[in-house]
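A structural walkthrough
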Amino acid sequence: MAGRAVLVTGASRGIGRAVAVAFAAAGDRVVVHHRSSPGLAEATVAALAGTGHAAVRGDLADPDAVRSLVDEAATALGGIDVLVNNAAVFAPRHPPGEATYEQWQAAWRGIVEVNLLGTANVTFCALPHLRRAAGGGRIVMVSSRGAFRGEPEVPAYGASKAGLNSFAQSMALALAVDGIAVSVVAPGFVETDMTNETLKPPRGVAIRAQSPFNRVGRPEEVAAAVVYLASADAEWASGAVLDLNGASYLRT
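A brief structural summary. (Residues numbered from 1 in each chain as written. Predicted model: local features only at pLDDT ≥ 70, side-chain atom pairs only at ≥ 80, totals over all residues. Heavy atoms only, no water.)

With respect to helix H6 (residues 155–175)
How we decide: The helix and strand labels rest on DSSP assignments: H or I over at least four residues marks a helix, E over at least two residues marks a strand, and numbering proceeds from the N terminus. To estimate how far a helix should extend, the number of its residues minus one is multiplied by 1.5 Å. Per-residue accessibility, obtained with a 1.4 Å probe over protein chains only, is compared with the maximum for each type, and a residue is labelled buried under 20%, exposed over 50%, and partly exposed between these values.
Compared with the 30 Å implied by 1.5 Å per residue over 21 residues, the 30 Å span of H6 between its first and last C-alpha is a close match. Of all the positions in H6, only Ala156, Tyr157, Gly158, Ser160, Lys161, Leu164, Asn165, Phe167, Ala168, Met171, Ala172 and Leu175 are classed as buried.

Things to note about the pattern of salt bridges
In plain terms, the rule: Any carboxyl oxygen of Asp or Glu that lies within 4 Å of a side-chain nitrogen of Lys or Arg is treated as forming a salt bridge with it.
Counted under the stated rule, the structure contains 10 salt bridges. Of the charged contacts, one joins Arg131 and Asp178 as a salt bridge, the two residues approaching to 3.0 Å between their closest N and O atoms. Placement of Arg131 in the loop between helix H4 (101–130) and strand E5 (138–142) and of Asp178 in the loop between H6 and strand E6 (181–187) is noted, with a sequence separation of 47 residues between them. In this structure, Glu191 and Arg208 form a salt bridge, with 3.9 Å as the shortest nitrogen-oxygen distance. In this pair, Glu191 sits in the loop between E6 and helix H7 (203–209) while Arg208 sits in helix H7, placing the two residues 17 residues apart along the sequence. Taken together, the shared-partner salt bridges connect Arg93, Glu98 and Glu153 into one network.

Section: the packing of aromatic side chains
To keep it simple, the criterion reads: Stacked, edge-to-face and tilted labels apply to pairs of Phe, Tyr and Trp rings (six-membered ring for Trp) whose centres lie within 6.5 Å, assigned for plane angles under 30 degrees, over 60, and everything in between, in that order. Over a ring means this: the NZ of a Lys or the CZ of an Arg is within 6 Å of the ring centre and within 35 degrees of the ring normal.
Scanning all chains against the criterion turns up two aromatic pairs. Ring centres of Phe90 and Tyr157 lie 4.7 Å apart, and the angle between their planes is 70°; this geometry places the pair in the edge-to-face category. With Phe90 in the loop between strand E4 (82–85) and H4 and Tyr157 in helix H6, this pair connects stretches of sequence that are 67 residues apart. For the cation-ring pair, Arg251 lies above Phe148, with the distance from its terminal atom to the ring centre recorded as 3.8 Å.

Some thoughts on the nonpolar core
Applicable threshold: Take the buried Ala, Val, Leu, Ile, Met, Phe, Trp, Tyr and Cys residues and link them wherever side-chain atoms come within 4.5 Å; each set so joined is a nonpolar core.
Core analysis: the biggest nonpolar cluster contains 39 residues, and Leu7, Val70, Leu130, Ile139, Met141 and Val182 have the highest contact counts within it. At the level of secondary structure, the elements contributing two or more residues to this core comprise strand E1 (5–8), strand E3 (54–57), helix H3 (63–77), H4, E5, H6 and E6. Considering every element that reaches this core, the biggest residue donor is H6, with eight residues.

Topic: the sheet that holds E3
Our working definition: Two strands qualify as a pair provided that DSSP identifies no fewer than 2 bridges between them. Axis angles are defined between N-to-C directions and span 0 to 180 degrees, where every axis is a line fitted to C-alpha atoms and, for a helix, only to the segment in contact. By the convention used here, residues are in contact when the closest approach between their heavy atoms is within 4.5 Å.
Overall, parallel pairing links the seven strands, which are arranged E3-E2-E1-E4-E5-E6-E7 in an open sheet. Strands with a single pairing partner mark the edges of an open sheet, and in this sheet they are E3 and strand E7 (241–244). Sheet twist, expressed as the mean angle between neighbouring strand axes with direction ignored, is 20°. Looking at chain direction, E1 and strand E2 (residues 29–34) are connected through four bridges and run parallel. Looking across to E2, one finds that Val8 is bridged to Val32. Set on the sheet, helix H1 (residues 14–25) makes contact with E1, E2, E4 and E6; between it and E2 the angle comes to about 165°. Sheet contacts for H4: E4 and E5; angle to E4, the most-contacted strand, approximately 175°.

What to know about the pairing of E1
Consecutive residues of a regular strand have side chains that alternate between opposite faces of the sheet. Here is the rule: If you view a crossover with the strands going away from you and the path from the first strand over the helix to the second runs clockwise, you call it right-handed.
Burial along E1 is two-sided: the residues Ala5 and Leu7 and Val6 and Val8 are all buried. With H1 bridging E1 and the parallel E2, this β-α-β connection has right-handed handedness. Across three bridges, E1 lies against E4 in parallel orientation. From the neighbouring strand, Leu7 faces E4, where its bridge partner is Leu83.

Notes on the pairing of E6
Of all the seven residues making up E6, seven are buried; the element is thus mostly covered by neighbouring parts of the structure. By the alternation rule, side chains of E6 split into Ala181, Ser183, Val185 and Pro187 and Val182, Val184 and Ala186, which are all buried. Bridge analysis of E6 against E7 gives four bridges, and the strand direction is parallel. Bridge pairing in E7 links Val184 to Val241.

Some points on the environment of Ile207
Structurally, Ile207 can be placed in helix H7. A residue is classified by how much of its surface remains accessible, and Ile207, at 6% relative accessible area, is buried. Counting along the chain gives 41 residues from Ile207 to Ser248, while the straight-line C-alpha distance between them is 9.2 Å.

Here's what the structure looks like:
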């Protein structure tokens, strides 16, 4: 089996699926992680070019499940050379002017447990394998424009992604000694099945107009950036957060 061993979390659909497809097209072996969509995960595996791919199941909010899914992925692939931390939850809405205190607490707990704590746990469990990666391991985190622009209707989501950026940069500093490069992509709106309703008129018209290209991103565009950041040529990008939002939000 040629190519690198790649674990992509949240890869049964959307951006994660596009990332898995892109790595497989480059000749890598991919494990497709999902939480509760085995049919979609197996369909993604079936669509991947080459052989040696697999699917694993696990709830990132459960630390024991995280350990098991990483171990299962490493066994299926014979190690892990690249980790793409893509899995995340966005809902439920909890605007401070509408949510009850109980809803507020539940939303924050559920989102942070997956997006930040779950990602940190996946990373920790994958490190023994990444340290053994030939040519240096790679970790790419999928963040969001919302980490910088804010998410007034789902503030826990924006905060979790801002925390993810900080976590990634801390890991970039901590893991360079092991030859592991860590970087981040921060997409704006991307056209997936999860955003389909949001992107319908009239709201979708306004969202597309946020970019001077008058459109939203495509999953394949995010995947191309992830594949580059996971490459041998991108070691010097370790610690970087790459905005992928079609100039819909600019920061300096």
